[in-house]
Amino acid sequence: MPATIRFAPYDVGRWFVWATTAVMFAVLPLIFTKGFAITLLSQMGIMIVFALSYNMLFGQGGMLSFGHAVYSGLGAFFAIHALNWAGAGKIWLPVSLVPLVGGVFGALFGVLFGYVTTKKAGTPFAMITLGIGEMVFAASLMFPGFFGGEGGVSGNRVIGDPLLGVSFGPGIEVYYLIAVWCFGCMVAMFAFAQTPLGRISNAVRDNPERAEFIGYSAQRVRFLVLIVAAFFAGISGGLSAINFEIVTAENVSALRSGGVLLATFIGGAMFFFGPVLGAVIFVFFVVALSEYTKAWQFYLGVFFVLMVMYAPGGVASLVLINLRVMKYRLFARLRDPYAGVLLSALVLLVGVAMVVEMSYHLTLGASTGSTLKLFGFGVDSAAPEVWLLASGIVVAGALSFDAMRRYFAREWEAVQADIEEKIRREAGL
Amino acid sequence: MRYRKALAGFSIAVLWALASPHAVAQSGTVRIAWVDPQSGMMAAVGQNALRSWQHAVDAANQGKWGGNVRFELVPFDNKLSPQETLTVLKSVVDRDIRYVALGLGTSTALALSDAVAKHNQRNPGKEIVFVNYAAVDPSMTNEKCDFWHFRIDINSDMKMEALTTFMAGRPEIRKVYLINQDYAFGHSVERGAEEYLKKKRPDIAIVGKDRHPLAQVRDFAPYVAKIKASGADTIITGNWGSDLALLVKAARDAGLTAGFYTYYAGTTGTPTAIGAAGEGKVRQVSYWNPSDPVPEGAKCIEGFERKYKDDYAILASYTAMKLLSEAMKKAKSTDAKQVAFALEGLKVQSLNGEVEMRASDHQLQQPVFISSWQKVDGKTVRYGQENTGYGWRTEARLDAYVASQPTSCDMKRPAK
Amino acid sequence: MEFVVISLLNGISYGLLLFMLASGFTLIFSMMGVLNFAHASFYMLGAYFGYQISTWLGFWPALFVAPLLVGAAGALVERYGLRRVHKSGHVPELLFTFGLSYIIVELVQIVWGRAAVPYQVPPELQGPLFTVFTTTFPAYRAFMMLIAVLMLVAIWLMLTRTRIGLVIQASLTHPGMAEALGHNVPRVYMLTFGGGTALAGLAGVIGGNAYVTEPSMAALVGAIIFVVTVVGGMGSLAGAFVASLLIGLMQTFAIGLDWSPVGLLGRLGIEITPETFLYALWSLKLSQVAPVLPYLLLVMILVFRPRGLMGTREG
């Protein structure tokens, strides 16, 4: 009897990708050294963990939740209290393990609320998470003893003696702590998706009835997945507590829950790395873009709606379909159409941005009169010539974009048809 | 799997834009960061506050209040979020700005005060001074006092002290109802009212107390019904924004005759919502009456109105600029630590009279006004608010010592 | 006695206002299966349009024109936005309306600024209608109640007694068959969405001047609409009516009652002091938690009776 041969080649691609990610985490703060950039990177790291945990429910489990911030927020509150106790010497807890406290309490609340919420999936689940989210938020303002009332609970992450010179005072040390936790959580959540529980949650998402036929209780699966997701959400809450040294009712607010939903969806819920991309983009919009323009919420809303309409698979799906084209070596045909579409889109964007910024400036009557800084130039928003110019750019951009779009669509269809043909040929049909 | 290259390129491109250098200020200019909401629920108030500060900074530059020192205001939007405030602080530190002004929101003020203290402790030589121009939580000048924090507004307890002194002199007040927002500030108003009324007029009965969630209630009719049922003739409330506007409207609708004593009836948006409904019924306690200013103040108000078509009510911006200018002249330096020491005990003349920055707790001592909402008549009420045709008539001007409060602050000062 | 009567009147009028808001939402959901997150934003649009038109033409023209404008906007949104997303499933539709709500708020701020606008009740409707003991009941509230009831009657009549209503009902359950019979089902969807948003706009015109018209008004009522719809039962207009009255009365009466566990236990002879564990929990008064009660009700209904009070499906 021949021995079974087991051939499991190294997945070089996967190792390469993860290694690159690790290197990037390590190297980015050395390139962008300003305090603001470091805090931005830290917030991205926290959001990545949060969004990935959310996607365990949403993309992988098919559960749309409007109250995920409850777990991260409650985890954050417990983490900061633990940090304060550690600082006062009541318990022994190194700062680097504080996120674990957040995770444990997040999971505990996952058990508590999850039992009630996971009885149903779909819309009832979404509604009930909304209700619980609102209740927890309201409760956080009613019990100032634990939640600190309006001012929240603050803490100090510089406690005890520095270990190997690391005190977590400077922002960059906090960044590296977050980076390590973020990477670890990414690996853990990726691994979870490969476990039987992870796989079965995919099955429950796709066809709960069928999953029940093969002997798995859909409710049980959802409940367990929620607990694990709440654990990781709690870790992100703990990281947030360390980063900001303050936790407020905002951490459990509907705004946070909505934000992580937006981030996950923008990135792409169907792919593991989608939420990672989405978290980066979301934090960029909310934290960085708002430094430059007052209309950032408008841009975020429009961007989100456009994604929902034209790319419901998120940025990740856009990246992947292009990679598929590259794999079949047909990308050269798309180079010109892409250039055309992107350039005309850029023109349109500049025009729209001008109009939006000037409108905002006028109706919000800022303190600097009618001039505003637009892309580095001083522009008088009350002057009709400028409006004419902006409208002109918008019209030109729109017309050219429309033409380019059609051109691109034609080429894209042709390329897709070619790919289908190649696939069929490869399959030997 | 190779899509991670795309992620790498994308992220780097995204982050590259953020690493761009920010503008460096000219030398000889002191930049003041203004950090408050420019979006969200309090955007309108924030807008008004920003304009007030810009106006004050312009006045300081024009009048050369600081001698050779020129001032520049750098606004930031903290979206009323404590965590966003901390992120903004990092940007402020990056730009090497040493003075931060914030006031709209207790949570953000507390967060900033804490963060500034930590920053100053961890970065000696790069200290930042926090000018708190409107957050009135008493703890910031008591148990949570900090050397680098200076409060320009009168705090909640001082306001209640003044208010209750005024009320004590009115025998027609017999039954008082307390209705407040259910958070730290609302609780402090409620507690203060009870405590001070008991001391000054033990015969006044508190016939009811209510706490409602912040900015969530649309329909105040049930609360008004309760107030009616209690037989109160006076209502004390710390409510602001829509909470106050809707309360007054509901009271008018239900035919409630009780008078209102408020803290914030003059803030942006509320006068419009109160309108004629509040004539003669609504009073407020504040550190200034913008409807009845001295000639110097009239110039300021009219200039502001002309330029921005808005009301100038946040005098704290003017006072703060006066204080900073004088402190810099006194210290002969713009270094934050020297200026902070110079501010302690400093007395300046502002548009509401003489004010003093008390050294023990960094709480500004200034006169307090009680005013009532009346039609503009050009004499006792010279300026209206928000084109409603109504403004504030001063009913009492109390000297600073009346409202003054003892402090539990144990100020830790750095070496000079 | 006065308190009970007044609270009853207040509760019913508040409930009817909730119903005005929720009726359009329920209609859209039951007809199209779309959870319109932007419904509260259309309510806000109605208020702002009402304000603008009433400054140009007066309140009464605004009452008719503004809802039509909002309905037109809703129809356009459906035709050019929602329809495209429809094929991707229910979740993208929901997310589309979610993003839309952000955009509408921003657009409103661009046009009308960030401060509240002075949208006033018309002078002929100001003042009290009648007096109950010593409390006056404002005429405007009665007007709001009247409009809400008329709205309910009109919708019910349209759905059950008119041809278009029958077509709508048919398109809901059997869109393929309805289309095969020659009815333009996509157009029916567009009209339904437009109609639902027009109802929200009407609620805005009426409610915007009684309550403050400002950019944050949408966020404040948004969540309550969900509660009403879910509690009443997804897809049931009558259920929404009952639920809104129930929630209106519940909240109004709860605000008026200062009961708390401390008081209750005190009457049973059990002493609770500030030192007792979880005192903050026991000292909570019913009046303090009143605004949170609807969410509690939501959670309980979803746990024990996910169909809602009168719902025909679970969503």
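As the structure is a prediction and not an experimental result, all values here were calculated from the model. (Residues numbered from 1 in each chain as written. Chains lettered and ligands numbered in written order. Predicted model: local features only at pLDDT ≥ 70, side-chain atom pairs only at ≥ 80, totals over all residues. Heavy atoms only, no water.)

**Remarks on the overall build of chain B**
Broken down by element type, chain B carries 13 helices and 15 strands. Taking 416 residues into account, the globule formula puts the C-alpha radius of gyration at 22 Å, and chain B, at 22 Å, falls close to it. The principal-axis extent of the C-alpha atoms belonging to chain B is close to 70 × 60 × 45 Å. For chain B, the residues scored as buried account for 66% of the 416 residues in total. Counted over contacts in chain B with a minimum sequence separation of 6, partners at least 24 positions apart contribute 70%. Surface accessibility of chain B: about 14,400 Å² in total, with carbon and sulfur atoms responsible for 51%. (Helix = DSSP H or I, 4+ residues; strand = E, 2+ residues; numbered from the N terminus. Rg over C-alpha atoms; globule rule 2.2 N^0.38 Å. Buried < 20%, exposed > 50% of the residue type's maximum accessible area, 1.4 Å probe, protein only. Contact = heavy atoms within 4.5 Å. Areas by Shrake-Rupley, 256 points an atom, 1.4 Å probe, with all protein chains shown as cover.)

**Observations concerning the interface of chain B and chain C**
Interface size is commonly expressed as the accessible surface area that is lost when the partners come together. Contact residues are listed per partner, giving 30 residues for chain B and 28 residues for chain C. In total, about 2,600 Å² of surface goes out of reach between chain B and chain C, with carbon and sulfur atoms giving 58% of it. Ranking the residues of chain B by area buried against chain C places R218, D219 and K226 of chain B at the top, with a combined share of 22%. The interface formed by chain B and chain C holds zero salt bridges in total. The interface formed by chain B and chain C contains one residue pair in polar contact (both at pLDDT 80 or more). (Buried area = accessible area lost by both parts, 1.4 Å probe. Salt bridge = Lys/Arg side-chain N within 4 Å of Asp/Glu carboxyl O. Polar contact = N/O pair within 3.5 Å; in protein donor to acceptor, adjacent residues only side chain to side chain.)

**Thoughts on the sheet that holds strand β12 (residues 353–357) of chain B**
Residue and element names in this part refer to chain B. Judged by pairing direction, the sheet is antiparallel, and its three strands sit side by side in the order β11-β12-β13 without closing on themselves. This sheet does not close on itself; its edge strands, each paired only once, are β11 (347–350) and β13 (364–365). Where β11 meets β12, four bridges bridge the pair, whose relative direction is antiparallel. Bridge pairing in β12 links V348 to V355. Helix-sheet contacts for helix α11 (residues 316–331) involve β11, β12 and β13, and the interaxial angle to β11 is about 140°. (Pairing = 2+ DSSP bridges. Axes fitted to C-alpha atoms, helices over the stretch in contact; angles between N-to-C directions.)

**Topic: the side chain of Q43 of chain A**
Residue placement: Q43 of chain A occurs in helix α2 (residues 35–57). If we ignore the near neighbours within four places in the chain, the residues touching Q43 of chain A are N243, F244, V283 and V287 of chain A together with T87 of chain B.

**Focus: the packing of aromatic side chains**
Across all of its chains, the model carries 55 aromatic pairs over all chains by this definition. Plain terms: the ring middles of F304 of chain B and Y308 of chain B are 5.0 Å apart, the flat faces sit at 50° to each other, and that makes the pair tilted. Residue F304 of chain B and its partner Y308 of chain B are both found in helix α10 (residues 295–308); the two are separated by four residues, about one turn of the helix. Relative accessible area serves as the criterion here: at 8%, Y308 of chain B is assigned to the buried category. Where F25 of chain C meets F226 of chain C, the ring centres are 5.2 Å apart and the plane angle is 70°; that geometry is what we call edge-to-face. Placement of F25 of chain C in helix α1 (residues 2–32) and of F226 of chain C in helix α9 (residues 217–232) is noted, with a sequence separation of 201 residues between them. What links up through ring pairs into an aromatic cluster is the set F66, F265 and F304 of chain A together with F25, F37, F98, Y102 and F226 of chain C. One cation-aromatic arrangement involves K200 of chain B over Y196 of chain B; the distance from NZ or CZ to the ring centre is 5.5 Å. (Phe/Tyr/Trp six-rings, centres within 6.5 Å; stacked < 30°, edge-to-face > 60°. Lys NZ or Arg CZ within 6 Å of the ring centre and 35° of its normal.)

**Quick look at the pattern of salt bridges**
A complete count under the given rule lists 32 salt bridges over all chains for this structure. Between K200 of chain B and E161 of chain B there is a salt bridge, with its nearest N and O atoms 2.7 Å apart. Residue K200 of chain B is found in helix α6 (residues 184–200), and its partner E161 of chain B is found in helix α5 (residues 156–168); the two are separated by 39 residues along the sequence. Exposure remark for K200 of chain B: the relative accessible area of 25% places this residue in the partly exposed category. Across the salt bridge formed by E279 of chain B and K375 of chain B, the nearest N and O atoms sit 3.9 Å from each other. Taken together, the residues span a long stretch of sequence, with E279 of chain B in the loop between α9 (270–274) and β10 (282–286) and K375 of chain B in strand β14 (residues 368–375) at a distance of 96 residues. Overall, K375 of chain B belongs to the partly exposed group, its relative accessible area being 47%. Taken together, the salt bridges that share partners define one network made up of R157 and E245 of chain A together with D114, K118 and R122 of chain B.

**A look at the domain arrangement of chain B**
Residue and element names in this part refer to chain B. For chain B, the assigned domains are domain 1 (2–154 + 295–365) and domain 2 (157–286 + 367–403). Put simply, the middle of domain 1 and the middle of domain 2, counted by C-alpha atoms, are 29 Å apart. Listed per partner, the contact involves 23 residues of domain 1 and 21 residues of domain 2. Counting the surface lost from both domain 1 and domain 2, the interface buries some 1,700 Å², and carbon and sulfur atoms represent 64% of this. Looking only at domain 1, the three residues that lose the most surface to domain 2 are I154, D311 and N352, adding up to 32% of its buried area. Remark: the boundary between domain 1 and domain 2 carries one salt bridge. D153 serves as the salt-bridge partner of K159, at 3.9 Å between the closest nitrogen and oxygen. At the junction of domain 1 and domain 2, the tally comes to three residue pairs in polar contact (both at pLDDT 80 or more). (Domains from an automatic or database assignment.)

**Some words on the state of the cysteines**
Residue and element names in this part refer to chain B. Applying the stated criterion to the full structure yields one disulfide over all chains. The partner cysteine of C145 in its disulfide is C409, sulfur to sulfur 1.9 Å. Note on the C145 and C409 pair: the S-S dihedral is about 80°, so by sign convention the disulfide is right-handed. One end of the pair, C145, is in the loop between β4 (129–132) and β5 (149–151); the other, C409, is in the segment after α13 (400–403), and 264 residues separate them in sequence. Side by side, C145 and C409 carry an identical accessibility label, which is buried. (Disulfide = S-S within 2.5 Å.)

**Re the environment of V207 of chain B**
Residue and element names in this part refer to chain B. Mapped onto the elements, V207 comes out in strand β7 (residues 205–212). The spatial distance from the C-alpha of V207 to the C-alpha of R283 is 20 Å, given a sequence separation of 76 residues. With residues near it in sequence (within four places) discarded, V207 still touches K175, V176, Y177, S230 and A232.

**Focus on unusual backbone geometry**
All names here are of chain B. One non-glycine residue, L80, lies in positive phi territory at about 60°. Its place among the elements puts L80 in the loop between β2 (70–77) and α3 (82–94). Given the relative accessible area of 25%, L80 is considered partly exposed. Within the chain, E386 stands out as a residue other than glycine whose phi angle is a positive 55°. Checked against the element boundaries, E386 lands in the loop between β14 and β15 (390–398). The partly exposed category is assigned to E386, whose relative accessible area is 22%.

**What about the confidence of the model for chain B?**
For chain B, per-residue confidence averages 86 on the pLDDT scale, and residues scoring 70 or more make up 94% of the total. Considering only residues more than four positions removed or in separate chains, one finds that residues 16–26 of chain B, a stretch of pLDDT under 50, has 13 contacts. (pLDDT = per-residue confidence, 0-100.)

**What about the pairing of strand β8 (residues 234–237) of chain B?**
Residues and elements named next belong to chain B. Burial of β8 is two-sided: the residues T234 and I236 facing one way and the residues I235 and T237 facing the other way are all buried. Strand direction decides the pairing type here: strand β6 (residues 175–181) and β8, joined by three bridges, are parallel. Across the sheet, the residue bridging to V176 is T234, located in β8. Pairing analysis gives four bridges linking β8 to strand β9 (residues 259–262), with the strands arranged parallel. What sits directly across from I235, in β9, is F260.

**Describing the side chain of S52 of chain B**
Residues and elements named next belong to chain B. Here S52 shows up in helix α2 (residues 43–62). Overall, S52 belongs to the buried group, its relative accessible area being 0%. There is a polar contact of 2.8 Å between the side chain of S52 and the backbone oxygen of N48. Leaving out residues up to four positions away in the same chain, S52 has contacts with F304, Y312, I314 and S317.

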